[in-house]
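Structural overview
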Amino acid sequence: METDSEIHIINEHNFKAAVIGEQKPLLLLCMPHDDQFAEQVNIVMKMATKYSGLLKVGLVEESFIRLFKKKYQIPGTPTFLLLEQGSEKNRSLGLADEQMLTLLVGESCAPT
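The following paragraphs examine the structure supplied in this document. (Residues numbered from 1 in each chain as written. Predicted model: local features only at pLDDT ≥ 70, side-chain atom pairs only at ≥ 80, totals over all residues. Heavy atoms only, no water.)

**A look at unusual backbone geometry**
The omega torsion of the bond from Thr-77 to Pro-78 falls at 0°, within 30 degrees of zero and hence cis. Inspection of the secondary structure assignment puts Pro-78 in the loop between helix H3 (65–71) and strand E4 (79–84). Of note in this structure, Gln-73 is not a glycine but carries a positive phi near 50°. Its place among the elements puts Gln-73 in the loop between H3 and E4. If you check the backbone angles, Gln-85 has positive phi at about 50° while not being a glycine. The exposure class of Gln-85 is partly exposed, given its relative accessible area of 43%. (Helix = DSSP H or I, 4+ residues; strand = E, 2+ residues; numbered from the N terminus. Buried < 20%, exposed > 50% of the residue type's maximum accessible area, 1.4 Å probe, protein only.)

Shown next, in the form of structure tokens:
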């Protein structure tokens, strides 16, 4: 069973349901597996825990990155996207820390 504090893997097979059909804001990390990958995934996991119930967090599967970058016109990685029902609300290019991602998520996930 999936919980909101998990990182959801996004690929070409589940994109429509997991991204377009998602009702919660979705923070996605688009990044190939390199030396900085584990550190960035750790930060994304912290966001999933911090915003559990308010935010869905995902990771673009490495085999889907090229197509995903084309769809969202992403010039480089790592890129963090905040999406709502597939529409981009905010983005950040480059390595991130928890504070930067908190600013990126902003009011979309503010507790009510």
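**Side note on the packing of helix H2 (residues 37–50) against helix H4 (residues 98–105)**
Direction vectors running N to C along H2 and H4 enclose 50°, while the axes themselves pass 10 Å from each other. Here H2 is positioned oblique relative to H4, judged by the angle of their axes. As for the relative orientation of H2 and H4, their crossing is right-handed in sense. Residues Ile-43, Val-44, Lys-46, Met-47 and Lys-50 of H2 form the contact with H4, whose participating residues are Glu-98, Leu-101, Thr-102 and Val-105. Classifying every residue of the contact of H2 with H4 gives five nonpolar, one polar and three charged. (Axes fitted to C-alpha atoms, helices over the stretch in contact; angles between N-to-C directions. Parallel < 35°, antiparallel > 145°, perpendicular 65-115°, else oblique. Left-handed = near helix turned anticlockwise from the far one by under 90°. Contact = heavy atoms within 4.5 Å. Nonpolar A, V, L, I, M, F, W, Y, C, P; charged D, E, K, R; others polar.)

**Side note on the environment of Met-45**
Looking at where Met-45 falls in the secondary structure, it is placed in helix H2. Using a relative accessible area of 31% as the deciding quantity, one classes Met-45 as partly exposed. Sequence separation of Met-45 and Ile-7 is 38 residues, and the distance between their C-alpha atoms is 6.6 Å.

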